[in-house]
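One-letter residues, chain by chain:
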Amino acid sequence: MAPTFVLVHGSNATSRCFSVLQRELAQRGHRSLAVDLLGHGAAGFSAAYQAQDLAKFATEPSPLAGVTHADVVAAVTDVVRRAHDHGPVILVGHSRGGLTVTSVANAVPELVDRTVYVSAWCCVDDTPAGYLRNPAYASTALAEAAKVMVGDPAQLGVIRMNWRSADPAHLAALKQAMLADGTDAELLSFLSGMDPDESLDAGNDRADAATWGRVPHTYVRLTRDESLPLALQDRFIEEADALTPANPFDVHSLDAGHVGPLVRAADLADVLGSLTPR
């Protein structure tokens, strides 16, 4: 039976970020479902953000405040359970979405037929906070891109970003971090699908050999990624392979930046289409 690809977005993203990939998958005859994580999508937008009323935008309450990683995992687990009623599920995470993928595979390995990490976080030997301090993460370009941050995370209870900034320096930093291999127009189009807010709770879950380790897993390395450096991607792969040597990552590499395969998705759709459930 053909699988359903359940697509889990990364930080500040929404299901809209997978629209190009879903078209490519559909044209290859594949079924996919892109989720909006709790507080994202329609729930994550605001009139102040739309109007660029930055004074109001910097202080208005967030629908994500108080949403925990456990809440997100429970919601995606429910999506996976319903999809599994209709056949195998291949759970795909991009970037921070990998944290959710790992937690779901830990919780319900019997419902997940394969996990796929697209330049995504796959914590094995450390927590997300620990990996942020790892030398393998040191080359990230996100520090400069974070200049689009708005408000005080401690007061808001979330990380808030103004993706609609018109500041040329801000846009140049975002392009370098996210889509150095793309055009300015592609960057602006992608940013239009982003949410301003992201939860402060990334969880502390790590891959569990007894549960996550039972599920076949694929890693798609993005060799030009300047947000999640290639060195850290490779560290995730190395640590996971040491955790489950009998079930190592199936590794693919794409010559792309962090969101390149979501903007020009043919190569990623080819990789996903070649995968089989267990």
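Every value quoted in this text rests on a predicted model; they were computed, and no experiment measured them. (Residues numbered from 1 in each chain as written. Predicted model: local features only at pLDDT ≥ 70, side-chain atom pairs only at ≥ 80, totals over all residues. Heavy atoms only, no water.)

### Describing the pattern of salt bridges
Put simply, the test is: Basic side-chain nitrogens of Lys or Arg form a salt bridge, by our definition, when they fall within 4 Å of a carboxyl oxygen of Asp or Glu. Only protein chains enter the accessibility calculation, which uses a 1.4 Å probe. A residue is then buried if its area is under 20% of the maximum for its type, exposed if over 50%, and partly exposed in between. Each helix is a run of DSSP H or I of at least 4 residues and each strand a run of E of at least 2, with the numbering of both proceeding from the N terminus.
Evaluated as defined, the whole model comprises 10 salt bridges. When the shortest N-O distance is used, the salt bridge between Lys147 and Glu144 registers 2.7 Å. Take Glu144: its relative accessible area is 43%, and that puts it in the partly exposed class. In this structure, the salt-bridge partner of Asp197 is Arg160, at a minimum N-O distance of 2.7 Å. With Asp197 in strand β6 (residues 197-199) and Arg160 in strand β5 (residues 158-160), this pair connects stretches of sequence that are 37 residues apart. Note on Arg160: relative accessible area 1%, which makes it buried. One salt-bridge network, held together by shared partners, links Glu24, Arg28 and Asp270.

### What to know about the layout of surface pockets
Definition in use: Of the grid points, spaced at 1 Å and generated over the protein atoms alone, those admitting a 1.4 Å probe that cannot get out make up cavities, while open sets with protein on both sides within 12 Å along at least five of seven lines make up pockets; any residue with an atom within 4 Å of a point is treated as lining. Grid points are joined across faces, edges and corners, and a volume is the space filled by probe spheres set on the points. Gly is put with the polar residues, along with every residue not named as nonpolar or charged; the nonpolar set is Ala, Val, Leu, Ile, Met, Phe, Trp, Tyr, Cys and Pro, and the charged set is Asp, Glu, Lys and Arg.
Of the pockets and cavities examined, the largest pocket occupies roughly 910 Å³. What lines the largest pocket is a set of 40 residues, among which Ser11, Arg96, Tyr137, Leu142 and Ile159 lie closest to the centre. Of the residues assigned to the lining of the largest pocket, the class counts are 26 nonpolar, 11 polar and 3 charged.

### So, the packing of helix α4 (residues 69-84) against helix α5 (residues 97-107)
When two helices pack together, their arrangement is given by the angle between the helix axes and the distance between those axes. Just so we agree on the cut-off: Lines fitted to the C-alpha atoms define the axes, with helices restricted to the stretch that makes contact. Angles between their N-to-C directions range from 0 to 180 degrees. For classification, angles of less than 35 degrees are called roughly parallel, those exceeding 145 degrees roughly antiparallel, those between 65 and 115 degrees roughly perpendicular, and all remaining angles oblique. Handedness of a crossing is defined here by the sense of rotation of the near helix relative to the far one, left-handed for an anticlockwise turn of less than a right angle and right-handed for a clockwise turn. Contacts between residues were defined by any pair of non-hydrogen atoms, one from each residue, lying within 4.5 Å.
Contact geometry of α4 with α5 gives a least axis separation of 9 Å together with a crossing angle of 65°. Here α5 runs roughly perpendicular to α4, going by the angle between their axes. In the packing of α4 onto α5, the handedness of the crossing is right-handed. From α4, His69, Val72, Val73, Val76, Thr77 and Val80 reach across to α5, where they touch Leu99, Thr100, Ser103 and Val104. Of the residues contributing to the contact of α4 with α5, the split by class is 6 nonpolar, 4 polar and no charged.

### Things to note about the packing of aromatic side chains
Applied cut-off: Any Phe, Tyr or Trp ring, taking Trp's six-membered ring, that has another such ring centre within 6.5 Å forms a pair; planes under 30 degrees apart are called stacked, those over 60 apart edge-to-face, and the others tilted. As a reminder, the over-ring test applies to NZ of lysine and CZ of arginine, requiring each to be within 6 Å of the ring centre and within 35 degrees of the ring normal.
Within the structure shown, the criterion is met by 9 aromatic pairs. Between Tyr117 and Phe249 the ring centres are 5.7 Å apart and the planes differ by 90°, which places this aromatic pair in the edge-to-face class. Of this pair, Tyr117 sits in strand β4 (residues 114-118) while Phe249 is found in the loop between α11 (230-243) and β8 (250-254), placing the two residues 132 residues apart along the sequence. The buried category is assigned to Tyr117, whose relative accessible area is 0%. Since its relative accessible area comes to 7%, Phe249 is described here as buried. The structure contains a cluster of three or more aromatic residues connected by ring pairs, namely Tyr117, Trp212, Tyr219 and Phe249. For Arg164, the ring lying beneath its charged end belongs to Tyr49, and the centroid distance is 5.3 Å.

### Some words on helix α1 (residues 19-27)
What counts is decided by this rule: Relevant arc is that of directions from the helix axis to the C-beta atoms, nothing else.
Residues of α1 that are buried include every one of Leu21, Glu24 and Leu25, and no others. One side of α1 carries all its buried residues, which in axial view fall inside an arc of 100°. Exposed side of α1, more than 90 degrees from the buried face: Arg23, Ala26 and Gln27 are the residues found there. Buried-residue contacts for α1 involve β1 (4-8), β2 (31-34), α12 (260-263) and α13 (266-274). Just past α1, the residue Gly29 takes up positive phi, approximately 85°.

### Comments concerning the environment of Leu33
For Leu33, the position within the fold is in strand β2. Separated by 174 residues in sequence, Leu33 and Ala207 have C-alpha atoms that sit 24 Å apart.

### Observations concerning the side chain of Thr218
Structurally, Thr218 can be placed in strand β7 (residues 217-222). A relative accessible area of 0% places Thr218 in the buried class. For Thr218, the contacting residues outside a window of four places in its chain are Arg114, Thr115, Val116, Tyr117, Phe249, Asp250, His252 and Leu275.

### Quick notes on unusual backbone geometry
A positive phi is found at Asn12, a non-glycine position, where the angle reads about 60°. Structurally, Asn12 is set in the loop between β1 and α1. Classification of Asn12 by relative accessible area gives buried; the value is 4%. Its identity as a non-glycine residue notwithstanding, Ser95 has a phi of 60°, on the positive side. Considering the arrangement of structural elements, one finds Ser95 in the loop between β3 (89-94) and α5.

Nothing here speaks to function; it is geometry throughout.
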